[in-house]
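# Working through the structure, step by step
The primary structure of each chain is shown beneath.
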Amino acid sequence: MPEELYHYTNIESLALILKNRTIRFNSLDKMDDLQETMTADVENAGRFTYVSCWTADVKENIALWKQYTNHDTGVRIELPKYPFKKYDFVKSIIGTKLKNIDVPVGLQTIIDYNHMLKSDYFTQIMSGDDILYQVKYTDDINEIIPKILDYNALTNQTTVKMGLLGKCKDSAWSYQKEWRYILQFIPGNLLQALNDGFETFAEGIKEICNGTAKQPFPYYDLKISDEAFKRMKIVLSPTISLGNEILIRSTIGQYNPNAQISDSKFKGKIR
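Notes on the structure follow. (Residues numbered from 1 in each chain as written. Predicted model: local features only at pLDDT ≥ 70, side-chain atom pairs only at ≥ 80, totals over all residues. Heavy atoms only, no water.)

### Quick look at the overall build of the protein chain
When helices and strands are tallied, the protein chain shows 9 helices and 17 strands. With the C-alpha coordinates aligned to their principal axes, the bounding extent of the protein chain is approximately 65 × 45 × 30 Å. Each of the 271 residues in the protein chain was classed as buried or not, and the buried ones make up 45%. A total accessible area of about 14,400 Å² is found for the protein chain, and carbon and sulfur atoms account for 50% of it. Distance from the positive charge centre (33 side chains) to the negative charge centre (34 side chains) of the protein chain: 6 Å. (Helix = DSSP H or I, 4+ residues; strand = E, 2+ residues; numbered from the N terminus. Buried < 20%, exposed > 50% of the residue type's maximum accessible area, 1.4 Å probe, protein only. Areas by Shrake-Rupley, 256 points an atom, 1.4 Å probe, with all protein chains shown as cover. Lys, Arg positive; Asp, Glu negative; His and termini not counted. Charge placed at Lys NZ, Arg CZ, Asp CG, Glu CD.)

Put into structure tokens, the structure is as follows:
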């Protein structure tokens, strides 16, 4: 697993990342690969999977510069893997009605449970140390567009394998050498689910399967830890304009003066 990851974007997104100290996870239905949100048996299930897309390729990738940045406003952000802020779980639920649960001492979570418990969404993600995946590139359509319903005739139960989503792409995308963070969110409030024996979540899964579930939000932002924020490195687009370079350096100086800034190795070599 790589120690650092790289994200190609524009200065507008960079400014928001710097000001808010967040990394944005977008729903699979917002990806440029339209197959991402598809499954073989459940329509629009990808709307409940959220990803943040990076690459582990240390070398600059001209194709990614061209595809994901504007030629005169682009940047490449480098951060250590798992750069997310962590919350003390016990402290984060103080003031909520979540009580008398058995949790490991000192449990740290990337999800702010204080906020989640007051909202109508839920994720099983806790520590967040297992949400990074290397994308598999394949020509197997059954992996690209998987079946996520698994019926067991012996138990007469159906398992919904949401975890299959977001991990495989057509081999035509292999030049991206992509790694991505993946989160899944289920509609429903955790406190209500605890009170009704998790019928709330069962109903949410059922609605996802029959296509009537409402997406909880179009995107989800995770906070960047102070340590990771200080270790940020930024490479300027090889064709950055002088004015935008001034804007970028000024924005970085205001919000993250510890970040290292450097020119692209392709500066003056491409147009």
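### Quick look at the packing of helix H1 (residues 11-20) against helix H9 (residues 242-255)
It is at 10 Å that the axes of H1 and H9 come closest, and there the two elements cross at 10°. When the interaxial angle is binned, H1 and H9 end up roughly parallel. Note on element contacts: H9 touches H1 through Asn244, Ile248, Thr251, Ile252 and Tyr255, opposite Ile11, Leu14, Ala15, Leu18 and Lys19. (Axes fitted to C-alpha atoms, helices over the stretch in contact; angles between N-to-C directions. Parallel < 35°, antiparallel > 145°, perpendicular 65-115°, else oblique. Contact = heavy atoms within 4.5 Å.)

### Some remarks on the pairing of strand S11 (residues 157-160)
Relative to S11, strand S10 (residues 149-152) is paired through 4 bridges, and the arrangement is antiparallel. Across the sheet, residue Leu149 finds its bridge partner in S11, namely Val160. Hairpin connection, S10 to S11: the antiparallel pair is bridged by 4 residues, and Asn156 has positive phi, about 55°. (Pairing = 2+ DSSP bridges.)

### Re H9
An α-helical turn contains 3.6 residues, so a residue and the one three or four places further along point in the same direction. A rise of 1.5 Å per residue sets the reference length of H9, with its 14 residues, at 20 Å; its end C-alpha atoms lie 20 Å apart and thus fit the reference within 8%. The complete set of buried residues in H9 reads Asn244, Glu245, Ile248 and Ile252. Projected down its long axis, H9 shows its buried positions confined to an angular sector of 105°, all on one face. Turned more than 90 degrees off the buried face of H9, the exposed positions are Leu242, Ile246 and Gln254. Taken together, the buried residues of H9 touch H1, strand S4 (74-80), strand S16 (233-236) and strand S17 (260-262). (Expected span 1.5 Å × (residues − 1). Arc of directions from axis to C-beta.)

### Concerning the side chain of Ser27
Its place among the elements puts Ser27 in strand S2 (residues 22-27). Reaching out from Ser27, the side chain makes a polar contact with the side chain of Gln215 at a distance of 3.1 Å. Beyond its immediate sequence surroundings of up to four residues, Ser27 is in contact with Gly46, Arg47, Thr49, Tyr50, Gln215 and Pro218. (Polar contact = N/O pair within 3.5 Å; in protein donor to acceptor, adjacent residues only side chain to side chain.)

### Points about unusual backbone geometry
Of note, Tyr82 is a non-glycine position whose phi angle comes to about 50°, a positive value. Relative to the assigned elements, Tyr82 resides in the loop between S4 and strand S5 (87-88). Look at Lys177: it is not a glycine, yet its phi comes out positive at around 45°. Take Lys177: it is sitting in the loop between strand S12 (168-170) and strand S13 (178-184).

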